[in-house]
Amino acid sequence: QVQLVESGGGLVQPGGSLRLSCAASGSIFSINAMGWYRQAPGKQRELVATITSGGSTNYADSVKGRFTISRDNGKNTVYLQMNSLKPEDTAVYYCNAGIRTIQTVGVSYVYWGQGTQVTVSS
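Residues numbered from 1 in each chain as written. Predicted model: local features only at pLDDT ≥ 70, side-chain atom pairs only at ≥ 80, totals over all residues. Heavy atoms only, no water.

Q: What am I meant to see in the sheet that holds strand 8 (residues 77-82) here?
A: The strand order across the open sheet built from four strands is 1-3-8-7, with neighbouring strands paired in antiparallel fashion. The two strands at the open ends of the sheet, each matched to only one other strand, are strand 1 (2-7) and strand 7 (67-72). Adjacent strand axes in the sheet meet at a mean angle of 15°, parallel and antiparallel pairs treated alike. Two strands pair when backbone bridges link them, and strand 1 and strand 3 (residues 18-26) are joined in this way by six bridges, in the antiparallel orientation. When the bridges of strand 3 are listed, Val5 appears paired with Ala23. (Pairing = 2+ DSSP bridges. Helix = DSSP H or I, 4+ residues; strand = E, 2+ residues; numbered from the N terminus. Axes fitted to C-alpha atoms, helices over the stretch in contact; angles between N-to-C directions.)

Q: What am I meant to see in the environment of Cys95 here?
A: Among the structural elements, Cys95 can be located in strand 9 (residues 91-101). Taking relative accessible area as the criterion, Cys95 reaches 0% and is therefore assigned buried. It is 8.1 Å that separates the C-alpha atoms of Cys95 and Val78, two residues lying 17 residues apart in sequence. If we ignore the near neighbours within four places in the chain, the residues touching Cys95 are Leu4, Glu6, Cys22, Gly35, Trp36, Val78, Tyr111, Trp112 and Gly113. (Buried < 20%, exposed > 50% of the residue type's maximum accessible area, 1.4 Å probe, protein only. Contact = heavy atoms within 4.5 Å.)

Q: What exactly am I supposed to notice about the side chain of Asp89 here?
A: Relative to the helices and strands, Asp89 is located in the loop between strand 8 and strand 9. A distance of 2.8 Å separates the side chain of Asp89 from the side chain of Arg66, its partner in a polar contact. (Polar contact = N/O pair within 3.5 Å; in protein donor to acceptor, adjacent residues only side chain to side chain.)

Q: Teacher, can you tell me more about a nonpolar patch on the surface here?
A: The grouping of Phe29, Ile102 and Val105 at the surface amounts to a nonpolar patch, some 290 Å² of accessible area in total. You can see Phe29 is positioned in strand 4 (residues 28-39). (Patch = residues over 30% accessible without salt bridge, like charges linked within 9 Å, V, L, I, M, F, W, Y side chains within 5 Å. Areas by Shrake-Rupley, 256 points an atom, 1.4 Å probe, with all protein chains shown as cover. Salt bridge = Lys/Arg side-chain N within 4 Å of Asp/Glu carboxyl O.)

Q: Please clarify how the state of the cysteines should be interpreted in this entry.
A: In a disulfide, the sulfur atoms of two cysteines are held together by a covalent bond. For the structure shown, the criterion picks out one disulfide. Between the sulfur of Cys22 and that of Cys95 lies a disulfide, 1.9 Å long from S to S. Here the S-S torsion is close to 45°, and the disulfide linking Cys22 with Cys95 is therefore right-handed. Taken together, the positions of Cys22 in strand 3 and Cys95 in strand 9 put the pair 73 residues apart, joining distant regions of the chain. Per residue, the accessibility class of Cys22 equals that of Cys95, and both read buried. (Disulfide = S-S within 2.5 Å.)

Q: Before we go on, may I ask you to explain unusual backbone geometry in this structure?
A: Residues apart from glycine generally show negative phi values, whereas peptide bonds are mostly found in trans. Not every positive phi belongs to a glycine, and Asn76 is a case in point at roughly 50°. Of note, Asn76 is situated in the loop between strand 7 and strand 8. Judged by its relative accessible area of 25%, Asn76 falls in the partly exposed class.

Q: For this particular structure, what's the right way to read the packing of aromatic side chains?
A: Between two aromatic rings, the relevant description is the distance of the centres plus the angle of the planes. Overall, the coordinates contain one aromatic pair when judged by the stated rule. A cation over an aromatic ring shows up here: Arg45 above the ring of Tyr94, its NZ or CZ 3.8 Å from the ring centre. Over the ring of Trp112 we find Arg45; its NZ or CZ atom is 4.8 Å from the centre of that ring. (Phe/Tyr/Trp six-rings, centres within 6.5 Å; stacked < 30°, edge-to-face > 60°. Lys NZ or Arg CZ within 6 Å of the ring centre and 35° of its normal.)

Q: Before we go on, may I ask you to explain the environment of Arg38 in this structure?
A: Inspection of the secondary structure assignment puts Arg38 in strand 4. Relative accessible area serves as the criterion here: at 6%, Arg38 is assigned to the buried category. Contacts of Arg38, omitting those with residues within four sequence positions, involve Gln44, Arg45, Glu46, Val48, Ser62, Val63, Phe67, Glu88, Asp89, Ala91, Val92 and Tyr93. At 3.0 Å, the side chain of Arg38 and the side chain of Asp89 are in polar contact. In terms of polar contacts, Arg38 uses its side chain to reach the side chain of Tyr93, at 2.9 Å.

Purely spatial values, then, with no claim about function.
So, in structure tokens, the structure goes:
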């Protein structure tokens with residue numbers, strides 16, 4: 001069993017910063033790619049950023065230069081540092097990860113966190 005737990009969301013003024021964290025726990029053998037997605041009310045869930053096990057990153061055009069994704073493999077945790085936040089960034093943010101469990105080491109399954117609310121408003 002694998003669980004991803006997110007933290008760090010909240011209310012912030014435009015131009016402010018937040019750091020989201022997502023820690024994976026359970027019968028983990030290894031973690032491949034990890035990422036962050038977001039979903040605003042009435043809209044589709046969209047990719048924000050991803051990071052591979054080797055540290056290669058990819059960002060949505062809307063957040064390039066403002067957001068930074070990173071990971072701590074020793075803590076099975078992925079982070080999203082969000083700077084220069086805009087009202088358009090308001091959404092529920094979800095982390096995900098491709099994980100090989102102790103029971104299924106030959107294949108990665110995608111797991112999702114429960115989501116954390118980020119609200120950017122003055």
